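Fold and contact review
Take a look at the letters that make up each chain.
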Amino acid sequence: TGVCTYSSIAYSGSFFRQNCPEGQYGSGVAYSQAAGAATSTVSQAAADEAGLAKFNADGIANANLYGTCTPLITYQYAWNPSIKTFLIVAKAVSNSTGYTLRFNITFADGYNVVPQVVELNMGPGQLSKSTPYNLPAPVQSVQLITIWKN
């Protein structure tokens, strides 16, 4: 008696990159798998199940390789020397829970001022927030150090 070999059906769909750094989200990547990527001598259902498992594993791997990562939060800052005010403008791609952002501020050389940490709170649904801070010296650098979901 002969052995019957069943071939899996074709699959196609989108997968999202899952290996982005913290604070970033992955893009979607379309992925297709041709019929016959997996086979079984047991049944068509077994071949299709094996094909689906392969499709899911390969689709995620493909998205992790070819997808892009986008920062969830971006920010800009400016120093106004005449009133010694520092302004941070933060923008979020989405914000269902709210965020607390912590920034490390270092000051220009020659002012003998220790770095400071400042917080900016974005409420749920808020996609942009500007916050001024009165600081003792010109800002040399700003680093976003933590993003907390509220």
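This report concerns the structure included in the present document.

Parameters at a glance
- Residues numbered from 1 in each chain as written.
- Predicted model: local features only at pLDDT ≥ 70, side-chain atom pairs only at ≥ 80, totals over all residues.
- Heavy atoms only, no water.
- Helix = DSSP H or I, 4+ residues; strand = E, 2+ residues; numbered from the N terminus.
- Rg over C-alpha atoms; globule rule 2.2 N^0.38 Å.
- Buried < 20%, exposed > 50% of the residue type's maximum accessible area, 1.4 Å probe, protein only.
- Contact = heavy atoms within 4.5 Å.
- Areas by Shrake-Rupley, 256 points an atom, 1.4 Å probe, with all protein chains shown as cover.
- Lys, Arg positive; Asp, Glu negative; His and termini not counted.
- Charge placed at Lys NZ, Arg CZ, Asp CG, Glu CD.
- Salt bridge = Lys/Arg side-chain N within 4 Å of Asp/Glu carboxyl O.
- Polar contact = N/O pair within 3.5 Å; in protein donor to acceptor, adjacent residues only side chain to side chain.
- Disulfide = S-S within 2.5 Å.
- Pairing = 2+ DSSP bridges.
- Axes fitted to C-alpha atoms, helices over the stretch in contact; angles between N-to-C directions.

Topic: the overall build of the protein chain
- From N to C terminus, the protein chain includes one helix and twelve strands.
- The order of helices and strands in the protein chain, counted from the N terminus, is β-β-β-β-β-α-β-β-β-β-β-β-β.
- Its C-alpha atoms give the protein chain a radius of gyration of 25 Å, more than 25% over the compact-globule value 15 Å for 150 residues.
- For the protein chain, the C-alpha atoms occupy an extent of roughly 90 × 30 × 20 Å along the three principal directions.
- When each of the 150 residues of the protein chain is scored for burial, the buried share is 29%.
- At a minimum sequence separation of 6, the contacts of the protein chain that also span at least 24 residues come to 67%.
- Carbon and sulfur atoms form 54% of the exposed surface of the protein chain, whose accessible area is close to 8,900 Å².
- Measuring between centres, the 7 positive side-chain charges of the protein chain sit 15 Å from its 6 negative side-chain charges.

A look at the pattern of salt bridges
- Summed over the entire model, instances satisfying the criterion amount to two salt bridges.
- Across the salt bridge formed by aspartate 58 and lysine 54, the nearest N and O atoms sit 2.7 Å from each other. Of this pair, aspartate 58 and lysine 54 both sit in helix α1 (residues 44-66), four residues apart, which is roughly one turn of the helix.
- Note on aspartate 58: relative accessible area 25%, which makes it partly exposed.

Some thoughts on the environment of tyrosine 75
- With respect to the element layout, tyrosine 75 can be found in strand β7 (residues 73-80).
- Classification of tyrosine 75 by relative accessible area gives partly exposed; the value is 28%.
- For the pair tyrosine 75 and alanine 50, spaced 25 residues apart in sequence, the C-alpha separation works out to 45 Å.
- Sequence-distant contacts of tyrosine 75, that is, excluding residues within four places in its chain, are made with Ile88, Val89, Ala90, Phe103, Val142, Gln143 and Leu144.
- Engagement of the side chain of tyrosine 75 in a polar contact is seen with the backbone oxygen of valine 142, the distance being 3.4 Å.

Remarks on the state of the cysteines
- For the structure on display, the rule yields one disulfide.
- Shown here is the disulfide that connects cysteine 20 with cysteine 69, its sulfur atoms set 2.1 Å apart. Handedness of the cysteine 20-cysteine 69 disulfide follows from its S-S torsion of about -90°: it is left-handed. Linking cysteine 20 in the loop between β2 (11-16) and β3 (24-26) with cysteine 69 in strand β6 (residues 69-71), this pair joins segments that are 49 residues apart in sequence.

Some thoughts on the sheet that holds strand β12 (residues 139-149)
- Pairing is antiparallel in the open sheet, where three strands are placed in the order β10-β9-β12. One side of each edge strand has no neighbouring strand; the edge strands of this open sheet are β10 (116-122) and β12. Pairs of neighbouring strands in the sheet enclose a mean axial angle of 25°, with direction left out of account.
- Where strand β9 (residues 99-107) and β10 come together, seven bridges link them in antiparallel fashion. Pairing of threonine 100 across the sheet is with asparagine 121, part of β10.

Considerations on the environment of leucine 52
- Inspection of the secondary structure assignment puts leucine 52 in helix α1.
- Distance in space between the C-alpha atoms of leucine 52 and tyrosine 11 is 7.3 Å, their sequence separation being 41 residues.

Focus on the sheet that holds strand β11 (residues 128-134)
- Pairing in this open sheet of three strands is antiparallel, and the strands run β7-β8-β11 from one edge to the other. The sheet terminates laterally at β7 and β11, the two strands that pair on one side only. Taking each pair of neighbouring strands and ignoring which way they run, the sheet shows an average axis angle of 15°.
- Both β7 and strand β8 (residues 85-92) contribute to a ladder of eight bridges, which runs antiparallel. The residue bridging tyrosine 75 from the neighbouring strand is alanine 90, located in β8.

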